[in-house]
Amino acid sequence: MYTDPPVLLDLDTMLVFGSTLSIGLVIALSTTFRRAEFRATREGHAMRMWLVALIIQASFWLLFLFRDQLGHPLISITFVNTLSVWAMIEYVRAIREFLTRADRPVLFYGTLLAVLLAGIWYGTIAPDYAARVILVSVPAVFLMLGLAWTLTRHAEEALQRPARISAVFFIIAAMGFALRGIDALLHPDWSFDTSLPQQISLLIYALLPVFGSLGFLRMQAERANARLLARARTDDLTGALNRRAFSHLSRHTLAGCKRTRRPVSMMLLDLDKFKQINDTYGHAAGDQALKIFHARLCELLRAEDIVARVGGEEFAVLLPGAALDDASQVAERVRASIADTPVTFERRKIELRVSIGVAPWDEESPSIDKMLAAADKAMYAAKRRGRNRVRRAQAS
């Protein structure tokens, strides 16, 4: 007569179940008390998906603990095994959601359905313990390796460290599941309590919510910190650097140019009659004009050029490697492009004009503030001469 191997000690299983459930409750509470705007983000959605995975795995351990009392093998064997794979699928989906990867419900839930159907066969119709072990181990290996691959390939720079640490654990988990499957293939008559590889595999699965959640929460925290840092450095409306970040980055750039004896120039740009745009079309139109102006400015400049919003409608640009003549040509190209391309807002076209002052860097007095002051003086000279033009400042 066929019998399944005995379960682990009840105390050990209860500890695993308790730790899994505790982590789930912590994440649930942290999600509940987060601000509403976080719950609406992709990170908030990923957090809820991770919580679902934890609840499923906690349910697995609870049923595993009492499976001798569940009676029919359809529940005590098939459903329990299916839950273990389902939890891993939800972990993968949560990470993919967090890293803005496309969800693949057909692939994931198709795999889950195949595990369920095969589990019914090997759990009730033709009971086979080794086949069930292999049935769970194979998708587990691919899910864990896929998760590690996603973390190493698609995590942004700020998340590289926690993502790689998490990936190492998932690779270890994949190796554990592979070892369990190979052991069942080579020793189909060995029961769980006599097979060390199978016990190691289940231990790794027990640690999955602990180490997985630590890595996931660390990535959540790192992304939040990166966004806070970006918000401290950038203008909320346009995404350009703010004045403080511009000064800090420009000083480092000037120091590098001084060492390599590269020329540097500064442009100060001011949208002409911007108040009139706000009064005529509304402040929403003015905000849209500023955002589009910044986007076009970035398209016309090089990646190494430093762009910042330093006033209401004023933008500063540091041009490393550009002498005064080169910077003047860049400024004229920017002016002409802005004048030739109106902004569309609610089916209305808004003409933009920009006055630009250009100032060179004085190596004898390497000061960002002096360059800005010189470019500002040249920019106001352009406005006095009729706006929509470029004026150059002379080196002091």
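You'll find the structure just up there.
Residues numbered from 1 in each chain as written. Predicted model: local features only at pLDDT ≥ 70, side-chain atom pairs only at ≥ 80, totals over all residues. Heavy atoms only, no water.

The next point concerns the layout of surface pockets. Picture a little ball the size of a water molecule; that probe, rolled over the atoms, points out where space is still empty. Of the volumes computed, that of the second largest pocket is approximately 310 Å³. Lining of the second largest pocket is provided by 16 residues; of these, Arg-104, Leu-107, Phe-108, Phe-142 and Gly-146 occupy positions nearest its centre. Where the lining of the second largest pocket is concerned, the elements lending two or more residues are α4 (73-98), α5 (105-125) and α6 (129-154). For the lining of the second largest pocket, the leading source of residues is α6, giving eight residues. For the lining of the second largest pocket, the residue count by class is nine nonpolar, four polar and three charged. (1 Å grid on protein atoms, 1.4 Å probe; cavity = no way out; pocket = protein on both sides within 12 Å on 5 of 7 lines; lining within 4 Å. Points joined across faces, edges and corners; volume = space filled by probe spheres on them. Helix = DSSP H or I, 4+ residues; strand = E, 2+ residues; numbered from the N terminus. Nonpolar A, V, L, I, M, F, W, Y, C, P; charged D, E, K, R; others polar.)

Right, let's talk about a nonpolar patch on the surface for a bit. On the surface, Leu-203, Leu-207, Phe-211 and Leu-214 cluster together into a nonpolar patch covering about 380 Å² of accessible area. Along the chain, the position of Phe-211 falls in helix α8 (residues 196-233). On the accessibility criterion, Phe-211 (42% relative accessible area) is partly exposed. (Patch = residues over 30% accessible without salt bridge, like charges linked within 9 Å, V, L, I, M, F, W, Y side chains within 5 Å. Areas by Shrake-Rupley, 256 points an atom, 1.4 Å probe, with all protein chains shown as cover. Salt bridge = Lys/Arg side-chain N within 4 Å of Asp/Glu carboxyl O. Buried < 20%, exposed > 50% of the residue type's maximum accessible area, 1.4 Å probe, protein only.)

Next up on the list: the sheet that holds strand β3 (residues 314-320). Taken in spatial order, the five strands line up as β2-β3-β1-β6-β7 in an open sheet, and their pairing is mixed. Because the sheet does not close on itself, it has two edges, and the strands there are β2 (306-309) and β7 (390-392). The average angle at which neighbouring strand axes cross in this sheet is 20°, direction not considered. The pairing of β2 with β3 spans four bridges and is classified as antiparallel. Bridging from a neighbouring strand, Ile-306 pairs with Leu-318 of β3. (Pairing = 2+ DSSP bridges. Axes fitted to C-alpha atoms, helices over the stretch in contact; angles between N-to-C directions.)

So, on to the packing of α4 against α6. Axis separation between α4 and α6 bottoms out at 10 Å; the angle between their running directions is 10°. In terms of orientation, α4 and α6 fall into the roughly parallel class. Of the residues in α6, those in contact with Ile-77, Asn-81, Ser-84, Val-85, Met-88, Ile-89, Tyr-91, Val-92, Ile-95 and Arg-96 of α4 are Arg-132, Val-136, Pro-139, Ala-140, Leu-143, Met-144, Leu-147, Thr-150 and Leu-151. Taken together, the residues of the contact of α4 with α6 sort by class into 14 nonpolar, three polar and two charged. (Parallel < 35°, antiparallel > 145°, perpendicular 65-115°, else oblique. Contact = heavy atoms within 4.5 Å.)

With that out of the way, let us pick up the side chain of Thr-150. Counting through the fold element by element, Thr-150 comes out in helix α6. Beyond its immediate chain neighbours, meaning those up to four positions away, Thr-150 contacts Arg-96, Leu-99, Arg-101 and Ala-155.

Here the focus is the nonpolar core. Counting residues in hydrophobic clusters, the biggest one holds 51 residues, and the most contacted among them are Met-144 and Tyr-205. For this core, the secondary-structure elements that each account for two or more residues are α3 (42-65), α4, α5, α6, α7 (160-186) and α8. With 11 residues, α4 is the single largest residue contributor to this core. With residues up to four places along the chain from it excluded, the contact list for Tyr-205 reads Gln-57, Phe-60, Trp-61, Leu-83, Ser-84, Ala-87, Met-88 and Phe-177. The next biggest cluster of nonpolar side chains, apart from the first, holds 31 residues, and it includes Ile-277, Ile-292, Val-307 and Leu-352. (Core = buried A, V, L, I, M, F, W, Y, C linked by side-chain atoms within 4.5 Å.)

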